[in-house]
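Structure assessment
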Amino acid sequence: APPSPWTEVDTQGSRVTLDWKMTPDLSPRNFRDLLERLDLPNREASALCGVGESSLYRWLSGQSPVPASAVRLLSLHLKVRQATALLNEIEAELTP
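Worth saying up front: this structure is predicted, and the values here are computed from it rather than measured.

Section: a nonpolar patch on the surface
On the surface, Leu87, Ile90 and Leu94 cluster together to form a nonpolar patch covering roughly 320 Å² of accessible area. Classification of isoleucine 90 as partly exposed rests on a relative accessible area of 34%.

So, in structure tokens, the structure goes:
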């Protein structure tokens, strides 16, 4: 099996987050994995990418390649969510 584009990154000892390695072509399976990690319904994912749901379905089925711009946008969305979660944890630790 080809290596997964997802890798584990150790960021403070025991804290492990998932990070996206950019790949020039993204398989439908890996694209679906990205959407699942984001917990995005197809309607929201297509709106975020600025396309109709039919385009998203073509990407998921492999009928059309997933544009690099969509991968970058969704990857950044994932990183923002991860950073927000980390900041919330830090804020909770610092709040008496």
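Following the structure, the description resumes.
Re the pattern of salt bridges
Under the criterion given, the structure shown has two salt bridges. Residue aspartate 33 is joined to arginine 37 by a salt bridge in which the shortest nitrogen-to-oxygen separation is 3.2 Å. Placement of both aspartate 33 and arginine 37 in helix H1 (residues 28-38) is noted, with a separation of four residues, approximately one turn of the helix. Looking at arginine 37, the relative accessible area reads 34%, which means it is partly exposed. Among the salt bridges present, the one from glutamate 53 reaches arginine 43, with a minimum N-O distance of 3.4 Å. In this pair, glutamate 53 is assigned in helix H3 (residues 53-61) and arginine 43 in helix H2 (residues 42-49), connecting sequence segments ten residues apart. Owing to a relative accessible area of 26%, glutamate 53 belongs among the partly exposed residues under this scheme. A residue is classified by how much of its surface remains accessible, and arginine 43, at 62% relative accessible area, is exposed.

Some thoughts on unusual backbone geometry
In most cases, non-glycine residues show a negative phi, while peptide bonds are predominantly trans. The phi dihedral of aspartate 39 is positive, around 55 degrees, even though this residue is not glycine. Tracing the chain through its elements places aspartate 39 in the loop between H1 and H2. Judged by its relative accessible area of 65%, aspartate 39 is exposed.

A short note on the packing of H1 against H3
Relative to each other, H1 and H3 sit at 125 degrees, their axes nearing to 7 Å. Relative to H3, H1 is oriented oblique. For the pair H1 and H3, the contacting residues are Pro28, Phe31, Arg32 and Leu35 in the first and Leu56, Trp59, Leu60 and Ser61 in the second. Taken together, the residues that form the contact of H1 with H3 break down as six nonpolar, one polar and one charged.

Brief notes about the packing of aromatic side chains
This model, assessed by the stated rule, comprises one aromatic pair. With 5.8 Å between their ring centres and 80 degrees between their planes, phenylalanine 31 and tryptophan 59 make a pair best called edge-to-face. Residue phenylalanine 31 is found in helix H1, and its partner tryptophan 59 is found in helix H3; the two are separated by 28 residues along the sequence. Residue class for phenylalanine 31 comes out buried when judged on its relative accessible area of 0%. A relative accessible area of 7% places tryptophan 59 in the buried class.

Here's the deal with the nonpolar core
Counting 16 residues, the largest nonpolar core has Phe31, Leu35, Leu38, Leu56, Trp59, Val66 and Leu74 as its most contacted members. Of all the elements in the fold, those that place two or more residues in this core are H1, H2, H3 and helix H4 (68-94). If sequence neighbours within four positions are ignored, leucine 74 has contacts with Phe31, Leu34, Leu35, Leu38, Leu40, Leu48 and Cys49.

Conventions used here
Residues numbered from 1 in each chain as written. Predicted model: local features only at pLDDT ≥ 70, side-chain atom pairs only at ≥ 80, totals over all residues. Heavy atoms only, no water. Patch = residues over 30% accessible without salt bridge, like charges linked within 9 Å, V, L, I, M, F, W, Y side chains within 5 Å. Areas by Shrake-Rupley, 256 points an atom, 1.4 Å probe, with all protein chains shown as cover. Salt bridge = Lys/Arg side-chain N within 4 Å of Asp/Glu carboxyl O. Buried < 20%, exposed > 50% of the residue type's maximum accessible area, 1.4 Å probe, protein only. Helix = DSSP H or I, 4+ residues; strand = E, 2+ residues; numbered from the N terminus. Axes fitted to C-alpha atoms, helices over the stretch in contact; angles between N-to-C directions. Parallel < 35°, antiparallel > 145°, perpendicular 65-115°, else oblique. Contact = heavy atoms within 4.5 Å. Nonpolar A, V, L, I, M, F, W, Y, C, P; charged D, E, K, R; others polar. Phe/Tyr/Trp six-rings, centres within 6.5 Å; stacked < 30°, edge-to-face > 60°. Core = buried A, V, L, I, M, F, W, Y, C linked by side-chain atoms within 4.5 Å.

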